Amino acid sequence: MKLLVCEPASSISFGNDLCLCFKAYLFTFMNGKKSQTLVFMFNQKNNLLYLVLRAKYAPIKEDNFMETIQTIMTRRSIRTWTNEPVTKKERKIILEAAMNAPSAADARPWHFVMIDDPAVIQQFTSMGGTEMLEESTLLILICGEPAKEVYPGFWPQDCSCAAQNMQLAAHDLGLGCVWVATHPLEEREQICRRVLNIPDSIVPFALLAFGVPNEVLSPEYRYDPSRIHSNTWEEK
Ligand SMILES: Cc1cc2nc3c(=O)[nH]c(=O)nc-3n(C[C@H](O)[C@H](O)[C@H](O)COP(=O)(O)O)c2cc1C
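Residues numbered from 1 in each chain as written. Predicted model: local features only at pLDDT ≥ 70, side-chain atom pairs only at ≥ 80, totals over all residues.

## Regarding the pairing of strand E6 (residues 138-144)
For E6, the tally of buried residues reaches seven of seven residues, placing the bulk of the element in the interior. Side chains of E6 alternate between two faces, with Leu-138, Ile-140, Ile-142 and Gly-144 and Leu-139, Leu-141 and Cys-143 buried alike. Here strand E5 (residues 110-115) runs beside E6; their pairing, made up of six bridges, is antiparallel. Within E6, the residue paired with Phe-112 across the bridge is Ile-142. Here E6 pairs with strand E8 (residues 203-211) via seven bridges, running antiparallel. Note on E8: the bridge partner recorded for Ile-142 is Ala-206. (Buried ≥ 20, exposed ≤ 12 C-beta atoms within 10 Å, placed from the backbone. Helix = DSSP H or I, 4+ residues; strand = E, 2+ residues; numbered from the N terminus. Pairing = 2+ DSSP bridges.)

What follows is the structure, given as structure tokens:
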């Protein structure tokens, strides 16, 4: 065994304390290939260094969070909501999940416009097929800022990663969410620009509607082996 790298990573919350997180890469040479990541966390309050075994983001996992795979496999688009608001804490978690998404060259070319004023929400209900938005208590418009890109052209993928994180975070919190198509529908982009005063340099990408679900949709299992290709496209 050999310790190769020990690098400081980002601050993350650990209970009520703020900890500095240190990542270490531990390579085992038993089979020449296997590697494992260990995470050390330094608690600034009591000056203790913690070793987090099997680093699976356990420090930021709350007891009642679903397992990741279960969250992914049970998420559905929810289009009916009660009038209960999405709390401040839930909004923060959704935005944290959004901004923790991967992005090309870590460019993070995104912005999030929070919309919870019913009078503003109302202005999105006439776009066609969007009447259900009237029931939503929170819309978040994900916008792309191409000028923030390091490698041009990737901002839609980056924003999509953020969008998916937000949908999964909402589901994990027991909230319902639906993605309302915006980019590249010119007409919808224009409505977003007009209603929200969005500058020309910013592209309205996706409108996500959130709320406390007023419907239960059963999970769908969509695994399709015919879409998998091994080593070459052709079937044997
Ligand atoms: C890029 C994208 C655009 C979408 N646009 C809409 C939309 O405009 N209106 C809508 O009701 N659902 C929209 N959806 C949700 C899809 O209809 C939904 O994800 C799909 O039917 C699968 O159902 P599920 O999300 O419940 O698994 C969109 C989803 C994606 C990823």
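Anyway, onward from the coordinates.
## Some thoughts on the pairing of E8
Of all nine residues in E8, nine are buried; the element is thus mostly enclosed. The sheet contact formed by strand E7 (residues 176-181) and E8 spans six bridges and is antiparallel. Note on E8: the bridge partner recorded for Cys-177 is Phe-210.

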